[in-house]
Amino acid sequence: MTESYRDGYMEPEEEWEREGLLDPAWEKQQRKTFTAWCNSHLRKAGTQIENIEEDFRNGLKLMLLLEVISGEMLPRPDKGRMRFHKIANVNKALDFIASKGVKLVSIGAEEIVDGNIKMTLGLIWTIILRFAIQDISVEEMTAKEGLLLWCQRKTAPYRNVNVQNFHLSWKDGLAFCALIHRHRPDLLDYSKLCKDNPVENLNLAFDVAEKHLNIPKMLDAEDLNTTAMPDERTVMTYVSSYYHTFSGAQQAETASNRICKVLKVNQENERLMDEYERLVSDLLEWIKKTTPWLENRTTDNTLSGVQENLEEFRKYRRVVKPPRVEQKAKLETNFNTLQTKLRLSNRPAYLPSEGKMVSDIASAWKTLETAEKGFEEWLLSEMFRLQRLDHLAQKFQHKADNHEEWTQGKEERLESQDFRNCRLNEVKALKKKHEAFESDLAAHQDRVEQIAAIAQELNALEYHDLPTINNRCQQICDQWNRLGTLTQKPHFDLEEAETVLEKIDQLHLEFAKRAAPFNNWLDGAREDLVDMFIVHTMDEIQGLLDAHRQFKQTLGDADKEFQSLVGLTKEVENTANKNQVPGGVDNPYTTLTAADLIQKWSEVRELVPQRDQVLETELLRQQSNERLRCKFAERANVVGPWIESQMDSVAALGMGMQGTLEDQLGKLRELEHEAIQYQPHMDELEKCHQDVQEAMIFENSYTQYSMETLRVGWEQLLTSIHRNINEVENQILMRDSKGITQEQLTECRSSFNHFDKNKSGHLQPEEFKSCLVSLGFNIRNDKQGDAEFKRILNSVDPNNTGYVLFDAFLDFMTREKTDTDTAEQIIDSFRILSGDKPYITADELRRELPPDQAEYCIQRMVPYRGSGAEPGALDYMSFSTALYGESDL
């Protein structure tokens, strides 16, 4: 009868006899079992039967039984009591059974009306087979095979139970007890049961099933135990009641598990969102506090103050900023992971609070780095400016000291009238002396202008002690103007007296004329030889060396002039002594003496080797700086290409075409390890760069790489590695959760890369549209096609960034081919837990769900507003749609 269980056919009467359906012993079992089975359904309609062959004869309860077990309405029954009325009612029942695909062979309405027990039992078995057994399906097995497989699986863990059929396997009662214990272990203690007490086991199972599971007692324990071959149909009928009872519980368990899984995803996503918001707030607050410090350009205008600022900035670079770089990379990684999890769980994309988007972080970070770069440039320029200011101030003081030394007493001499008491030769001498002074005064004009120019430059560069500088400069200029005014009157007075003066010895005059410029040259030479200087390059120091070398080449001519002037004084002395001229040795034309020139010339010759030493020392310093430049360049020219090479490797892996995702992840992990191992090279380069900065080296022609570009490249490399690791891990997560193969993933990546023409890692809308068309999507060039593409674009780019990332593209492609959990599934699960009510209560949630998830639902579900709800009813439908972003919680 295998085919009859599967297809619902009823065999002819001779087939029943061959199968034993008409066996008198089995007829008794079937009568009792089928009666109990019918009553388990008829009592739902408020009635029952006592005698199975009599109570179905008029067809009324037969029709009622079919309505209860099918949930459908049959035609209105005939109310008469005549035989043809009864036959009409039974025929309506038989027609309904036939409409369900069951072929009734040899069963007619007349036999049922006549109370034919064999035909009546056959009819009831057909109904049981069709409505209680035929729809049972386990692993594509139906009816008898499916029910048997279900029993075998449920009882497999239990000792002394081996279900192979629906007759002998159930005689000792242990199989029934195992089914109950498997689903309701609280109802009986299976460990205390014994195979040697079959009747007790059977009665225990029947009583517990009837009392606690609402399964009526359809079998007799003694009959089942003593019968050599129990009736298969009666056992199947009874066991099917267990299946339907426990399948409902299994359905509730499945629904509960599905809800728990979804709620767990939502709770984890909310935790990640809260953590993201907290980390973003912390990072943005730090940036907000740090940026004003980097934008501050106030200083005490001293070199030491700026050096303290620079050291504080270096500490910020080495200690304060690196943890924030890691925090920023972690934030981006966590954000991408969260978005991936949301896509994989069919949830709407996460939209952070206002001002906390990844783009907001990037914008704030860019502002920070712009301020950082500007701050460093300002500090270095300030150091250069203040260093130059100190040099200029010292140079100003030095020149001012020399000038004031030269002007000392000259105003008093210009205002003196002593020449009126002088002899003729003395007056003539005073005239010549004044002419020499005028020449000397004109020669000093350039020095006064230099002093004023230096003061002007100090003012332009905002030197911190300008009042002192300006006051002294003003005093020098005022005195210079007075000297110019005072010089004019003695000239005219001496011209007037020249008529009474004799011609002054030409030797004195020649000496005075030649000694003054030579003395001026000596003063200039001495000043140049002790002049302070500041240089930053080899070219600059070489320029000073060349100028000094040229100066030394003029010493030969100067020595000749010196010897000539000394010869003049000796000739004057010889002439005066020979001719006994009173006061003739004293040169009336100049205060300079040969002793003065000898002393200054000696000082110049002593200063030359000292200048040689100073320039040589500076040359050594510049050579040291040059070595520092070369040292930095040598390392930078290695680190720079290495970073670029690693970036190329990361970019190549980011294309996603180098082996499986696990291969790509492994290679990225290797690159991450290599970067960690390479960190000492960066540290060594940072130390070298610090030496360069401390040496005040601002330019380096030996390398195209600056420390700033290398730092940025290094941070970009680390960020790129972490971002790609995160993307690959998300793709693995997506691949495994969606069940897509590596080949499908490679195909998606290949299509994406093909249309990513500029290798930017994302597709523009038009590129994305071309990619979809190439993959077989029918997107027409009309309004309907534009609307469809806009819908797709909104799903892959919910934040309207204007481009499509690969993760979103892959998620979209997998959604097109795979199923995901939906709000409708969760609504159906809640409906099962609530017993088909449109609402659910807090007690039901606490009974069916774990405590934390039950409270999660209770706190977020709104009250049910429909009619007929009990107090405290909760709306699970709006809650379920809100989980998927279709409404608001």
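Residues numbered from 1 in each chain as written. Predicted model: local features only at pLDDT ≥ 70, side-chain atom pairs only at ≥ 80, totals over all residues. Heavy atoms only, no water.

(A) Expanded view of the overall build of the protein. What the protein contains, in helices and strands, is 32 helices and 4 strands. Looking at the protein as shown, the accessible area adds up to about 45,000 Å², and 50% of this sits on carbon and sulfur atoms. (Helix = DSSP H or I, 4+ residues; strand = E, 2+ residues; numbered from the N terminus. Areas by Shrake-Rupley, 256 points an atom, 1.4 Å probe, with all protein chains shown as cover.)

(B) Looking closely at helix α23 (residues 661–694). For α23, which comprises 34 residues, the first-to-last C-alpha distance of 48 Å matches the rise-based estimate of 50 Å (1.5 Å per residue) to within 8%. The largest bend in α23 comes to about 35°, at Y678, with the proline P680 one to four residues further on. At the C-terminal side of α23, M696 shows a positive phi close to 60°. (Expected span 1.5 Å × (residues − 1). Bend = angle between axes of the 7 residues up to and from the residue.)

(C) Region of the structure containing the pattern of salt bridges. Per the counting criterion, the structure on display carries 48 salt bridges. In this structure, E275 engages R271 in a salt bridge whose closest nitrogen and oxygen atoms are separated by 3.4 Å. Remark: R271 and E275 occur in helix α13 (residues 232–295); sequence separation between them is 4 residues, near one turn of the helix. With relative accessibility at 43%, the residue R271 sits in the partly exposed group. A salt bridge links E684 to R635; the shortest N-O distance between them is 2.9 Å. Placement of the pair is E684 in helix α23 and R635 in helix α22 (residues 594–654), with a sequence separation of 49 residues. Among the residues examined, E684 registers a relative accessible area of 39% and is labelled partly exposed. Each of R317, K321, E369, E372, E376, E686, E708, R711 and E715 takes part in salt bridges that share partners, so that together they form one network. (Salt bridge = Lys/Arg side-chain N within 4 Å of Asp/Glu carboxyl O. Buried < 20%, exposed > 50% of the residue type's maximum accessible area, 1.4 Å probe, protein only.)

(D) Representation of the packing of aromatic side chains. A full pass over the atoms with the stated rule returns 35 aromatic pairs. Their ring planes at 25° and their centres at 5.8 Å tell us that F830 and Y876 sit as a pair that is stacked. A residue pair is termed long-range when its members are at least 10 positions apart, and F830 in helix α29 (residues 823–833) and Y876 in helix α32 (residues 876–883) qualify at 46 residues. Here the two residues F830 and Y876 agree in accessibility, since each one is buried. Centroid distance Y839 to Y864: 5.3 Å. Interplanar angle 40°. Geometry classified as tilted. Note that Y839 is positioned in the loop between α29 and α30 (842–848) and Y864 in the loop between α31 (851–860) and α32, a separation of 25 residues in sequence. Given a relative accessible area of 21%, Y864 falls into the partly exposed group. Through a chain of ring-to-ring contacts, three or more aromatic side chains come together here, namely F166, W170, F176, F206, Y238, Y242 and F246. Sitting above the plane of the F789 ring, K769 keeps its charged end 5.6 Å from the centroid. (Phe/Tyr/Trp six-rings, centres within 6.5 Å; stacked < 30°, edge-to-face > 60°. Lys NZ or Arg CZ within 6 Å of the ring centre and 35° of its normal.)

(E) Summary view of the packing of helix α9 (residues 143–155) against helix α10 (residues 174–183). Two elements in contact, α9 and α10, have axes whose closest approach is 9 Å; the angle formed by their N-to-C orientations is 70°. On the basis of their axis angle, the class for α9 and α10 is roughly perpendicular. By crossing handedness, the relation of α9 to α10 is classed as left-handed. Residue-level contacts link W150, R153, K154 and T155 of α9 to A175, A178, L179, R182 and H183 of α10. Of the residues assigned to the contact of α9 with α10, the class counts are 4 nonpolar, 2 polar and 3 charged. (Axes fitted to C-alpha atoms, helices over the stretch in contact; angles between N-to-C directions. Parallel < 35°, antiparallel > 145°, perpendicular 65-115°, else oblique. Left-handed = near helix turned anticlockwise from the far one by under 90°. Contact = heavy atoms within 4.5 Å. Nonpolar A, V, L, I, M, F, W, Y, C, P; charged D, E, K, R; others polar.)

(F) Layout of the side chain of H689. Within the element layout of this structure, H689 appears in helix α23. Judged by relative accessible area, H689 falls into the buried class, the value being 13%. Setting aside anything within four residues of it in sequence, one finds H689 in contact with F632, M707 and R711.

(G) Main features of the confidence of the model for the protein. On average, the protein scores 81 in pLDDT, and the residues at 70 or more come to 89%. Under a pLDDT of 50 for its full length, residues 1–22 has, in the predicted model, 57 contacts with residues more than four places off or in other chains. (pLDDT = per-residue confidence, 0-100.)

(H) Fine view of the nonpolar core. In this structure, I127, W170, F176 and Y242 are the most contacted members of the largest nonpolar core, which totals 76 residues. No other element matches helix α8 (residues 117–133), which puts 12 residues into this core. Counting 52 residues, the second-largest nonpolar core is a separate cluster that includes I643, C688, I740 and L793. (Core = buried A, V, L, I, M, F, W, Y, C linked by side-chain atoms within 4.5 Å.)

(I) Spotlight on the environment of N269. By the element assignment, N269 lies in helix α13. As a C-alpha pair, N269 and K341 span 72 residues in sequence and 7.7 Å in three-dimensional space. N269 has contacts with L338, K341, L342, S345 and R347, leaving out every residue within four places of it along the chain.

(J) Up close: the packing of helix α14 (residues 303–344) against helix α15 (residues 358–407). At a minimum axis distance of 11 Å, the contact between α14 and α15 shows a crossing angle of 165°. It follows from the interaxial angle that α14 and α15 lie roughly antiparallel. The two elements α14 and α15 cross, and the hand of that crossing is left-handed. Its residues assigned to classes, the contact of α14 with α15 shows 16 nonpolar, 3 polar and 10 charged.

(K) Structural detail: helix α20 (residues 538–553). Taking 1.5 Å of rise per residue, 16 residues should cover 22 Å, and α20 covers 22 Å from first to last C-alpha, within 8% of that figure. Among all positions in α20, only I541, L545, H548 and F551 are buried. Axial view of α20: buried residues confined to an arc of 120°, hence all on one face. Away from the buried face of α20 by more than 90 degrees, exposed residues D539, Q550 and Q553 are located. (Arc of directions from axis to C-beta.)

(L) Main features of the environment of A175. Along the chain, A175 falls in helix α10. Sequence separation between A175 and T155 is 20 residues, and the spatial gap between their C-alpha atoms is 6.8 Å. Once residues lying within four places of it in the same chain are set aside, the contact partners of A175 are T155, V161, V163, S169 and W170.

(M) The side chain of E53, seen in detail. Tracing the sequence through the fold places E53 in helix α4 (residues 52–55). On the basis of relative accessible area, E53 is assigned to the buried category, the value being 14%. Reaching out from E53, the side chain makes a polar contact with the side chain of R31 at a distance of 2.5 Å. In this structure E53 touches R31, I112, G115, I117 and T120, once residues within four positions along its chain are discounted. (Polar contact = N/O pair within 3.5 Å; in protein donor to acceptor, adjacent residues only side chain to side chain.)

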